[in-house]
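Results of the structural survey
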Amino acid sequence: MVKDYIVQNWALILILLAFAVMLRTTVFLDNNAKRRMSILIVFVALLSVSVFYEFWLAGLGLKPEVRIVLMAVRYSATPMMVAMILYALVKRSRWQVFIPAAAMTVIDFISIFNGVVFSLGDSGALRRGPFGYLPFIMAGIYCVVLVCILYRQCNKQATEIIPIVFLGFAFLTGLLFPFVLGRAYAQIFCPTIAIALFVYYVFSILQLTTKDALTGLLNRQAYYAAVGGDARDVTALVSIDMNGLKALNDTEGHLAGDEALQSLALCFMNAAG
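This text gives an overview of the structure that appears in the document.

Rules of the game
Residues numbered from 1 in each chain as written. Predicted model: local features only at pLDDT ≥ 70, side-chain atom pairs only at ≥ 80, totals over all residues. Heavy atoms only, no water. Helix = DSSP H or I, 4+ residues; strand = E, 2+ residues; numbered from the N terminus. Contact = heavy atoms within 4.5 Å. Lys, Arg positive; Asp, Glu negative; His and termini not counted. Charge placed at Lys NZ, Arg CZ, Asp CG, Glu CD. Disulfide = S-S within 2.5 Å. Axes fitted to C-alpha atoms, helices over the stretch in contact; angles between N-to-C directions. Parallel < 35°, antiparallel > 145°, perpendicular 65-115°, else oblique. Nonpolar A, V, L, I, M, F, W, Y, C, P; charged D, E, K, R; others polar.

Looking only at helices and strands, the chain has 10 helices and two strands in total. The secondary structure elements of the chain, listed N-terminal to C-terminal, are α-α-α-α-β-β-α-α-α-α-α-α. Counting only C-alpha atoms and orienting by the principal axes, one finds that the chain spans roughly 75 × 35 × 30 Å. Partitioning the intrachain contacts of the chain with sequence separation of at least 6 by distance along the chain shows that 63% fall at a separation of at least 24. If you average the places of the 20 positive and of the 15 negative side-chain charges in the chain, the two averages end up 6 Å apart.

Here it is, written out as structure tokens:
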């Protein structure tokens, strides 16, 4: 069984390993962001094991009582994973973002006994209950919120919009393909999410060459790229200085000063958007 798992999920294993190595070696992310992304990597890996074991049991026609528990895990994992992605990618996210996903998890596990979301027929086939589409709807809402927040916080440059569109497209396929390809798509769901996250992460690292790592605002390199290397084409330049920053750093600490700069930058981006 272990050999079969490795063969079927080798691409996923390589992607997650590369992701983990990049997180370990990058200097562009703070420890909190690294920790959130690392937890997400572990979550995807464990989910892939659970999905493989569920389909392995289904192929052998064994242990329907175990299979239905694993199905509850799989149904719960979809909205929970997107909630974790939202928590990892949006800096100001708080733990409350997991409340809807946690409620969905409770409903999924209750469904083991009453079939309100899913159940197994006598032949082992999946049956959707009256709330059978609720996990997908909730995951879709999470995806829309995530894409909207990422778009609102970006600088509206093509280099930032393209990875957001890619991430949204990957999530969209993850929500629609189960109804197009059937249960077979569940076996490639984890690689789809892992690839989407890895590509988005690589794009994000590349963007840091033109963005300030703390505030997300465009830096000097972005300015030079925008004017084509010739500042004579610029007819006006606005300079803004934040009053009281030194006093804030001295009295409240540099972390408070960083948060103030981030808040001010967010105001600028919202006003520009």
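Moving on, there is more to tell.
In this structure, Lys 63 is a non-glycine residue whose phi angle is positive, near 45°. Take Lys 63: it is sitting in the loop between α2 (31-60) and α3 (64-89).

Before going further, it helps to spend a moment on the state of the cysteines. If you walk through the whole model with that rule in mind, you get zero disulfides. With no disulfide of its own, Cys 143 has Cys 148 as its nearest cysteine by sulfur position, at a separation of 11 Å. With no disulfide partner, Cys 190 has as its closest neighbouring cysteine sulfur the one in Cys 143, 14 Å distant.

Another aspect to go through is the packing of helix α5 (residues 134-153) against helix α6 (residues 158-181). Between α5 and α6, the shortest axis-to-axis distance is 10 Å and the interhelical angle comes to 175°. One element, α5, and the other, α6, form an angle in the roughly antiparallel class. Across the interface between the two elements, Phe 136, Ala 139, Gly 140, Cys 143, Leu 146, Val 147, Leu 150 and Tyr 151 from α5 touch Ile 161, Ile 164, Leu 167, Gly 168, Phe 171, Leu 175, Pro 178 and Phe 179 from α6. Among the residues making up the contact of α5 with α6, the classes are represented as 14 nonpolar, two polar and no charged.

Keep in mind these numbers describe shape, not what the thing actually does.
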